[in-house]
Amino acid sequence: MSDLETLTLSLARNVKHWRAVRGFTLDVLAARSGVSRGMLIQIEQARTNPSIGTVVKIGDALGISVTTLLDYEQGPKVRIVPAERAVRLWHTDAGSYNRLLAGTEAPGPLEMWDWRLMPGDSSPAEPHPGGTVELVHVTAGELTLTVDGEDHHVPAGASASFEANVPHVYGNTGDVPMEMVMAVSVPPVH
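Heads up: these notes are all about the structure in this document. (Residues numbered from 1 in each chain as written. Predicted model: local features only at pLDDT ≥ 70, side-chain atom pairs only at ≥ 80, totals over all residues. Heavy atoms only, no water.)

Points about the overall build of the protein
Consideration 1: Helices and strands together make up the secondary structure of the protein, namely 5 helices and 10 strands.
Consideration 2: For the protein, the proportion of its 190 residues judged to be buried stands at 42%.
Consideration 3: Put simply, 63% of the contacts in the protein that link residues at least 6 apart link residues at least 24 apart. (Helix = DSSP H or I, 4+ residues; strand = E, 2+ residues; numbered from the N terminus. Buried < 20%, exposed > 50% of the residue type's maximum accessible area, 1.4 Å probe, protein only. Contact = heavy atoms within 4.5 Å.)

Shown next as structure tokens:
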């Protein structure tokens, strides 16, 4: 079975599981996430490979991390994610990408990402639930972080944190690749 097939089946199983844990009907999850009922049915039946934006919306609505939604192994308390198992969820032909490195539920979803943006590339993100915080640490190049329409320049070696409940964009307006590690903390669903 390919990695994509494994992820599709894991996503189907985990969306069904967490929807049941939360007591959400398909209609409730559709309303909370902004993902259509039809798309949710296709996801739960493992008939589609949704975009990362769709997976993030579902995770946010369920109050769980993308890692948990894509988890294909329910392991012990210590979980090692080998480099080759980090999941690349977004990429461009120019060579930009992000990789989900690790995540957990403590007390809400907590994720760690590896990002690379090539010169001229950007990746917009929709607002996350209130209380969501993102931390970034730039290891190469310079990140142009746009939060609620305001640009912030974060050079290599610098870090930034922000409340991610507003539109935000990760961009590289420089001449060299930008690399960063990002952590995202989402509050638990009550």
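Topic: the nonpolar core
Consideration 1: Residues Ile 58, Leu 143 and Tyr 170 are the most contacted members of the largest nonpolar core, which totals 43 residues.
Consideration 2: Looking at this core element by element, the count peaks at 6 residues for helix 4 (residues 52–62).
Consideration 3: Once you skip the residues sitting within four places of it in the chain, Ile 58 turns out to touch Val 15, Leu 29, Ser 33, Val 35, Leu 40, Ile 43 and Leu 69. (Core = buried A, V, L, I, M, F, W, Y, C linked by side-chain atoms within 4.5 Å.)

Structural notes on helix 1 (residues 3–22)
Consideration 1: Between its first and last C-alpha, helix 1 extends 28 Å over 20 residues, near the 28 Å set by a 1.5 Å rise per residue.
Consideration 2: Within the sequence span of helix 1, burial applies to Leu 7, Thr 8, Ser 10, Leu 11, Ala 12, Asn 14, Val 15, Trp 18 and Arg 19.
Consideration 3: Contacts made by the buried residues of helix 1 are with helix 2 (26–33), helix 3 (37–44), helix 4, helix 5 (66–70) and strand 1 (87–91).
Consideration 4: Looking one or two places after helix 1, you find Gly 23, whose phi comes out positive at around 75°. (Expected span 1.5 Å × (residues − 1).)

Concerning the pattern of salt bridges
Consideration 1: For the structure on display, the rule yields 4 salt bridges.
Consideration 2: With a closest N to O distance of 3.0 Å, Arg 37 and Asp 27 form a salt bridge. One end of the pair, Arg 37, is in helix 3; the other, Asp 27, is in helix 2, and 10 residues separate them in sequence.
Consideration 3: Overall, Arg 37 belongs to the partly exposed group, its relative accessible area being 41%.
Consideration 4: Note that Glu 126 and Lys 57 form a salt bridge whose closest N and O atoms lie 3.7 Å from each other. Here Glu 126 is found in the loop between strand 4 (122–125) and strand 5 (133–140), whereas its partner Lys 57 is found in helix 4, with 69 residues between them in sequence.
Consideration 5: Owing to a relative accessible area of 29%, Lys 57 belongs among the partly exposed residues under this scheme. (Salt bridge = Lys/Arg side-chain N within 4 Å of Asp/Glu carboxyl O.)

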